Amino acid sequence: MSREGNTDVFSSDPARRCGLHSHISRRTLLKSMVGAGGLVLLGACGGSSGSEQSTPPSSSGRSTPGASDPGRFSGQTLVVNGYGGEWEDLFTTVIKEPFEERYGVTITIDPSGSAAEDYAKLRASQGDPGWDVVVFTAQEPVQAAKEDLLLPITEDRVPNLANVFPALREVVGEYGVAHEVQYMSLMYNTDQFSTPPDSWSVFWDEANTGHILLFDPANIIGVFFLFMAAQVHGGNLENLEPGFAALEELKGRTVAIPISSADAVPYMERGDVWIMPYWDGRAGVYQSQGLPYDFVIPNEGSVALVNALAIPKGAPNPDLAYEFINFWLDPAIQSEWSQAYHVGPSQPNVSLPADFSEKHITSEEQLSQLIQPDYDFVAENRPQWTERWRRIFSN
């Protein structure tokens, strides 16, 4: 079996790295990590060796987990809304148990709902869903801040916030903090592909009929796939019509369209799925478990996923919630989480194996090679995109 896909997905070949063509309008469509507009590459497409080791943790004192008195929280319970499956298992080992031991507290995990569904609960409860911390994608804190549903996250409450990439702080805003970075990869079955697919157009290859897995737009990866479908078929974010037309061609050709990323696993274990859009984090986890799958960034590029932590306005234990977020942002914890979940850290001062950056984001330069959505634009249009998507695949 060929394993040619085990190469640097952040290639020095500009055709592999740059996501959108120059004809795309910047008027309302694109937004840079530090600018305004709609959706754009996060900077110029410069070279990246993919072999540098990240800077060791800072000795400034900011990076010490639990720098405040841990004993003052003893006996408290922190409710964290997150995810299930492998995420929950890894969270328990890398984050939950060490934090509980250090602070003498108990963490309860609520794994229910996608990020979009959790935001709906946050909104319906007017900022008081019973959670102390919620794991979101970047879109939700941006929305929630406008509706006064979250507590602000500042360096005086979360000192390790100072370590986070400035570009990610710009994206998430002041009411959330990025704790990891991923991207939408093209995951493929290595038993079926002797050579890694190099274009998103492989989804429209008749040979893959019945073995394509897509995701409902309640999962943001479904929205991102629509963006790339439009791009491949001559459109862009201002013109998604080619993308929707392309989805029509996939009707009846999929093996499944789940909402949860974890729901794809049984199809992978049986070998039923040959290609699917998938986060590089989970893709790396399942590849490491021995499943015959690999993942790439196709020639047309891909979209960055910024995941963020936030504190609901009505959190029962806000002080402990701030401490928890500071703990997760510690460079040593960032290193452990990145390697366990196969995701990029949200800061540069994290020690990682030299080859980790070949498949995952570890620098702002790599971020600049991906597409970063304008989450205001996504939030405004996502309901109608979702409704239209579901009409296509329900008929």
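The structure presented is a predicted model; accordingly, all values stated were derived computationally and were not measured.

Caption draft 1: Spatial organisation of the overall build of the chain. Within the chain one finds 13 helices and eleven strands. Residues counted as buried form 58% of the 395 residues belonging to the chain. Put simply, of all contacts in the chain between residues at least 6 apart along the chain, 78% involve residues at least 24 apart. As displayed, the chain offers around 14500 Å² of accessible surface, 47% of which is attributable to carbon and sulfur atoms.

Caption draft 2: Here's a closer look at the pattern of salt bridges. Summed over the entire model, instances satisfying the criterion amount to twelve salt bridges. For Glu-100, the salt bridge identified is with Lys-96, shortest N-O distance 3.0 Å. With a gap of four residues between them, Glu-100 and Lys-96 both fall in helix H2 (residues 85-103), about one helical turn apart. In terms of burial, Glu-100 and Lys-96 fall into one category: buried. Note that Asp-272 and Arg-270 form a salt bridge whose closest N and O atoms lie 2.8 Å from each other.

Caption draft 3: Structural detail: the environment of Gly-104. Take Gly-104: it is sitting in the loop between H2 and strand S3 (106-110). Along the backbone, Gly-104 and Arg-72 are 32 residues apart, and their C-alpha atoms lie at a distance of 9.1 Å.

Caption draft 4: Structural view of the layout of surface pockets. When its volume is computed, the largest pocket comes out at roughly 400 Å³. Surrounding the largest pocket, 28 residues form its lining, Tyr-83, Ser-114, Ala-115, Asn-219 and Ser-261 being those nearest its centre. Where the lining of the largest pocket is concerned, the elements lending two or more residues are helix H3 (115-124), strand S4 (133-137), strand S5 (177-189) and strand S10 (304-310). Among the residues making up the lining of the largest pocket, the classes are represented as 13 nonpolar, ten polar and five charged.

Caption draft 5: Looking closely at the pairing of strand S9 (residues 293-296). Along S9, one buried face is formed by Tyr-293 and Phe-295 and the opposite face, lined by Asp-294 and Val-296, is buried too. Note: S5 against S9, four bridges, orientation antiparallel. From the neighbouring strand, Met-187 faces S9, where its bridge partner is Phe-295.

Caption draft 6: Molecular detail of helix H4 (residues 139-146). Of all eight residues making up H4, six are buried, and the element is well covered by its neighbours. Gln-139, Glu-140, Pro-141, Val-142, Gln-143 and Ala-144 are the residues of H4 that are buried. Contacts made by the buried residues of H4 are with H3, S4, helix H5 (166-172), helix H6 (220-232), S10 and helix H13 (375-394). Where H4 terminates, the next one or two residues include Asp-148, which has phi positive at roughly 60 degrees.

Caption draft 7: Quick look at the nonpolar core. Grouped together as the largest cluster of nonpolar side chains are 118 residues, with contacts concentrated most on Phe-91, Phe-203, Phe-225, Tyr-278, Phe-324 and Trp-385. If you tally residues by element for this core, the top one is H6, at ten residues. Once residues lying within four places of it in the same chain are set aside, the contact partners of Trp-385 are Val-223, Leu-226, Phe-227, Leu-237, Leu-240, Phe-244, Phe-377 and Val-378.

Caption draft 8: Helix H9 (residues 280-288), seen in detail. Within H9, eight of the nine residues are buried, which leaves the element mostly enclosed by the surrounding structure. Burial in H9 covers these residues: Asp-280, Gly-281, Arg-282, Ala-283, Gly-284, Val-285, Tyr-286 and Gln-287. Looking at the packing, one finds that the buried side of H9 touches H2, S5, helix H8 (265-269), strand S8 (275-279), S9 and helix H11 (331-341). Once H9 finishes, Gly-290 follows within two positions and takes phi at roughly 100 degrees, a positive value.

Caption draft 9: Structural context of the packing of H2 against helix H10 (residues 318-328). For the pair H2 and H10, interaxial distance at closest approach is 11 Å and the crossing angle is 115 degrees. For the pair H2 and H10, the crossing hand works out as right-handed. In this structure, H2 contributes Trp-87, Phe-91, Ile-95, Pro-98, Phe-99, Arg-102 and Tyr-103 to the contact, and H10 contributes Leu-320, Glu-323, Phe-324, Phe-327 and Trp-328. Looking at the contact of H2 with H10, its residues break down into ten nonpolar, no polar and two charged.

Caption draft 10: Representation of the pairing of S4 within the structure. Most of S4 sits out of view: five of its five residues are buried. Residues Val-133, Val-135 and Thr-137 of S4 are buried on one face, and the alternating residues Val-134 and Phe-136, pointing to the opposite face, are buried as well. Relative to S4, strand S2 (residues 77-81) runs parallel, the two being bridged by two bridges. Bridged to Val-80 within S4 is Val-133. Of the pairings in the sheet, the one linking S4 to S10 comprises four bridges and is antiparallel in character. Within the sheet, the bridge partner assigned to Val-135 lies in S10 and is Leu-309.

Caption draft 11: View of unusual backbone geometry. For Gln-126, which is not a glycine, the phi torsion comes out positive at approximately 55 degrees. The topology assignment puts Gln-126 in the loop between H3 and S4. In this structure Gln-126 comes out as exposed when scored by relative accessible area, which is 63%. Its identity as a non-glycine residue notwithstanding, His-342 has a phi of 60 degrees, on the positive side.

Each value, and the rule that gives it
Residues numbered from 1 in each chain as written. Predicted model: local features only at pLDDT ≥ 70, side-chain atom pairs only at ≥ 80, totals over all residues. Heavy atoms only, no water. Helix = DSSP H or I, 4+ residues; strand = E, 2+ residues; numbered from the N terminus. Buried < 20%, exposed > 50% of the residue type's maximum accessible area, 1.4 Å probe, protein only. Contact = heavy atoms within 4.5 Å. Areas by Shrake-Rupley, 256 points an atom, 1.4 Å probe, with all protein chains shown as cover. Salt bridge = Lys/Arg side-chain N within 4 Å of Asp/Glu carboxyl O. 1 Å grid on protein atoms, 1.4 Å probe; cavity = no way out; pocket = protein on both sides within 12 Å on 5 of 7 lines; lining within 4 Å. Points joined across faces, edges and corners; volume = space filled by probe spheres on them. Nonpolar A, V, L, I, M, F, W, Y, C, P; charged D, E, K, R; others polar. Pairing = 2+ DSSP bridges. Core = buried A, V, L, I, M, F, W, Y, C linked by side-chain atoms within 4.5 Å. Axes fitted to C-alpha atoms, helices over the stretch in contact; angles between N-to-C directions. Left-handed = near helix turned anticlockwise from the far one by under 90°.

Geometric descriptors of this kind do not, in isolation, establish any biological role.
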